[in-house]
Each structure stands twice: as C-alpha cells, then as structure tokens.
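The lines below spell out each chain.
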Amino acid sequence: GIEHAADLGGGAAALGKLRAEGLRPGVPDLILPVHRIAIEMKRRNASPSDTSPEQHAWHERLKMAGWEVRVCKGADDAIAWLRQLGMERRRAVGV
C-alpha cells in the first residue's frame, strides 16, 4: 500500500492535533513500505532549498536503512522515477 502524510489544511489547530497523534516533521509525503520507497513531493517549480532540514534528515535516515528516497517535482516526475525503479502501473481487479 501507499501511505500519505497528512494534509495540514486545517491550520495551526490541525497541526497541533496531528503532532499530538505522533506526526513527525520531515517525514516524506509518500511512503511505499513494502517496496522501501519514500517520495517527497514538491511543486514543479520548487527550488532545492524548499526541502527543509528535517526532510533532509529523514531522507538520510531512510537511505541509511536501505530505502530508495527521492524529492520529485510533480506527479509526472514521481511516476517516471517509480517506473525507473521497475514499478509499473497495475489495473485494480475488476476495473
């Protein structure tokens, strides 16, 4: 399965609640635990400085543990990287 970091659209109150529930700053946006892949999603026009020190620290921890980690600029970049890793799109059963 794919895990996705929480959408913090609820402002400071939502952020406080999520931190109380165990949210950790810097955790990648998309995590595929079965495949040991983590993706940090950024806007297509984002600069490298848009990745926070907390995000860099998580990326390094995951890499040291044998994970594939990448900052992707937009969905097309993420999909292309997953394909490079040998992940192909599969149709859901019954679709």
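In what follows, the structure referred to is the one given above.
Bear in mind that the values here come from a model prediction, so they are computed numbers and not experimental data.

Parameters at a glance
Residues numbered from 1 in each chain as written. Predicted model: local features only at pLDDT ≥ 70, side-chain atom pairs only at ≥ 80, totals over all residues. Heavy atoms only, no water. Helix = DSSP H or I, 4+ residues; strand = E, 2+ residues; numbered from the N terminus. Buried < 20%, exposed > 50% of the residue type's maximum accessible area, 1.4 Å probe, protein only. Contact = heavy atoms within 4.5 Å. Salt bridge = Lys/Arg side-chain N within 4 Å of Asp/Glu carboxyl O. Phe/Tyr/Trp six-rings, centres within 6.5 Å; stacked < 30°, edge-to-face > 60°. Lys NZ or Arg CZ within 6 Å of the ring centre and 35° of its normal. Expected span 1.5 Å × (residues − 1). Arc of directions from axis to C-beta. Core = buried A, V, L, I, M, F, W, Y, C linked by side-chain atoms within 4.5 Å.

Enquirer: Any chance you could explain the overall build of the protein here in plain terms?
Expert: Along the protein, the regular secondary structure elements total 3 helices and 4 strands. Seen in sequence order, the protein has helices and strands lined up from the N terminus as β-α-β-β-α-β-α. When each of the 95 residues of the protein is scored for burial, the buried share is 24%. A sequence separation of at least 24 residues applies to 62% of the contacts in the protein between residues at least 6 apart.

Enquirer: Looking at this structure, I do not really get the pattern of salt bridges. What am I missing?
Expert: Proximity of charged atoms lets side chains of opposite charge pair with each other. The final tally for this structure, using the stated rule, is 3 salt bridges. As a salt-bridge pair, Arg 43 and Asp 50 come within 3.4 Å of each other at their nearest N and O atoms. Exposure remark for Arg 43: the relative accessible area of 56% places this residue in the exposed category. Its salt-bridge partner being Arg 70, residue Asp 77 comes within 3.3 Å of it at the nearest N-O pair.

Enquirer: What am I meant to see in the packing of aromatic side chains here?
Expert: For any two aromatic rings, the description comes down to two numbers: the centre-to-centre distance and the angle of the planes. Enumeration over the complete set of coordinates arrives at 0 aromatic pairs. Across the ring face of Trp 58, the terminal group of Arg 61 is positioned such that the distance to the ring centre comes to 4.8 Å.

Enquirer: I keep staring at helix α2 (residues 53-64) and nothing clicks. Help me out?
Expert: Turn by turn, an α-helix covers 3.6 residues, leaving residues three or four places apart pointing in a common direction. Over its 12 residues, α2 runs 17 Å from end to end, which matches the ideal 16 Å to within 8%, given 1.5 Å per residue. For α2, every residue scored as buried is listed here: Gln 55, His 59 and Leu 62. Seen end-on, α2 carries its buried residues on one side only, within an arc spanning 65°. Opposite the packed face of α2, turned more than 90 degrees from it, sit the exposed residues Pro 53 and Met 64. Elements in contact with the buried residues of α2: β3 (37-42) and β4 (68-73). Where α2 ends, the next residue or the one after it, Gly 66, has phi of about 95°, a positive value.

Enquirer: Hey, could you run me through the nonpolar core in this one?
Expert: Core analysis: the largest hydrophobic core is formed by 7 residues, namely Leu 32, Ile 37, Ile 39, Cys 72, Ala 78, Trp 81 and Leu 82. Those elements that place two or more of their residues in this core are β3 and α3 (75-84). Ranked by the residues each element gives to this core, the list is headed by α3, at 3 residues. With sequence-adjacent residues up to four places away left out, Cys 72 is seen in contact with Ile 39, Glu 40, Met 41, Lys 42, Asp 77, Ala 78 and Trp 81.

Enquirer: Quick question: what am I supposed to make of unusual backbone geometry here?
Expert: Backbone phi values are negative for most residues with the exception of glycine, while trans is the configuration of most peptide bonds. In this structure, Arg 36 is a non-glycine residue whose phi angle is positive, near 55°. Within the secondary structure, Arg 36 is located in the loop between β2 (30-32) and β3.

Enquirer: I would appreciate a short explanation of the side chain of Thr 51 in the present structure.
Expert: Looking at the element boundaries, Thr 51 is found in the loop between β3 and α2. Apart from the residues lying within four places of it in its own chain, the contact partners of Thr 51 are Lys 42, His 56, His 59 and Val 71.

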